[in-house]
Structures are given as C-alpha cells and as structure tokens.
Amino acid sequence: QVQLVESGGGLVQAGDSLRLSCAASGRTFSNYAMGWFRQAPGKEREFVAAITWSGGTTFYANSVKGRFTISRDNAKNTVFLQMNSLKPEDTAVYYCAAKSDRTLYQSRIADNYDYWGQGTQVTVSS
C-alpha cells in the first residue's frame, strides 16, 4: 500500500502561482511513476502531468505545458506540481497518483494508476 497526501492548494488570482506537494508513505516511493490529475465540477477527471520513477522524464497535458512543472524528491518521498500563470480554467481538485510500472506508458489514463490521494482544491479567480 502507498498512502498519498496532497497539500498546497488554495485560492489565488489569475496569473498567480501555486506549488502542490504530494507526500507518500508506505512502500518504496521510487518504485512508482507519479502523476497529477484534476477534476473540475461536472467534468471528468483529466490528466495533468506525470514523471518517471527517477524523475528523468516528464509528460504534460497540452493545456498546462509551459506553465506547470512536475518534479520529485525521492529522498523526501514527495512529488511536486509547480503551477505558474494560473488561469480560471485551472480551477479543480488536484489529485496525485502512483503508478507501479515506474514508466510513463499510458500515463494519461487514470485507470493505470494504483494509488490516489484525497485531493487538494485549487481555485483561480479572474
């Protein structure tokens, strides 16, 4: 089992930045690729970003590419999502997830992740 706890969400204005963190406990963190997803009210959960077990490769949704950066610190069992130039359409609950095959293969698909956090709310006002 892997337990994931997100933090860092909040209410910000358009153009501001936020840094989300996801702290992992349980099994060896470096055994997992990690992803961030988000879900806005009335919408399906959508992929945001993913990172391999080593942090060497990252992958982003087109909607956040160039604005968001995913990173990880395996020594601290934590994955981060730096969000810059936030837009109102970024408003959602953000979830981190762990993927046991350590790669980015089909990392856009939520069903390929084995463990999920409880989510943290990000609200961007215009």
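Only a predicted model underlies this, so the values are computations on that prediction, with no experimental measurement involved.

(A) Spatial organisation of the environment of Thr123. Structurally, the position occupied by Thr123 is in strand E11 (residues 120-125). Note: C-alpha distance between Thr123 and Pro88 (35 residues apart in sequence) is 7.3 Å. Every residue in contact with Thr123, bar those within four places of it in the chain, is listed here: Gly10, Leu11, Val12 and Thr91.

(B) Region of the structure containing the sheet that holds strand E7 (residues 68-73). Reading across the sheet, the four strands line up as E1-E3-E8-E7 and stay open at both edges, with antiparallel pairing between neighbours. In this open sheet, the two edge strands, each paired with only one partner strand, are strand E1 (2-7) and E7. Within the sheet, the average angular offset between the axes of one strand and its neighbour, ignoring direction, is 15 degrees. Alignment of E7 against strand E8 (residues 78-83), held across six bridges, turns out to be antiparallel.

(C) Expanded view of the pairing of strand E3 (residues 18-26). Sheet analysis places E1 next to E3, joined by six bridges and oriented antiparallel. Bridge pairing links Glu6 to Cys22 in E3.

(D) Spatial organisation of the nonpolar core. In this structure, Leu4, Met34, Trp36, Leu81, Met83 and Tyr94 are the most contacted members of the largest nonpolar core, which totals 37 residues. At the level of elements, E1, E3, strand E4 (33-39), strand E5 (46-51), E7, E8, strand E9 (92-99) and E11 are the ones that each hand at least two residues to this core. For Met34, the residues in contact, after removing those within four places along its chain, are Leu4, Cys22, Phe29, Ala49, Ala50, Ile51, Ile70, Arg72, Val79, Ala97, Ala98 and Tyr113.

(E) Broad picture of the state of the cysteines. Enumeration over the complete set of coordinates arrives at one disulfide. Here Cys22 pairs with Cys96 through a disulfide, and the sulfurs are 1.9 Å apart. Its torsion about the S-S bond being 45 degrees, the disulfide of Cys22 and Cys96 is classed as right-handed. Taken as a pair, Cys22 in strand E3 and Cys96 in strand E9 lie far apart in primary sequence, 74 residues in all.

Conventions used here
- Residues numbered from 1 in each chain as written.
- Predicted model: local features only at pLDDT ≥ 70, side-chain atom pairs only at ≥ 80, totals over all residues.
- Heavy atoms only, no water.
- Helix = DSSP H or I, 4+ residues; strand = E, 2+ residues; numbered from the N terminus.
- Contact = heavy atoms within 4.5 Å.
- Pairing = 2+ DSSP bridges.
- Axes fitted to C-alpha atoms, helices over the stretch in contact; angles between N-to-C directions.
- Core = buried A, V, L, I, M, F, W, Y, C linked by side-chain atoms within 4.5 Å.
- Buried < 20%, exposed > 50% of the residue type's maximum accessible area, 1.4 Å probe, protein only.
- Disulfide = S-S within 2.5 Å.

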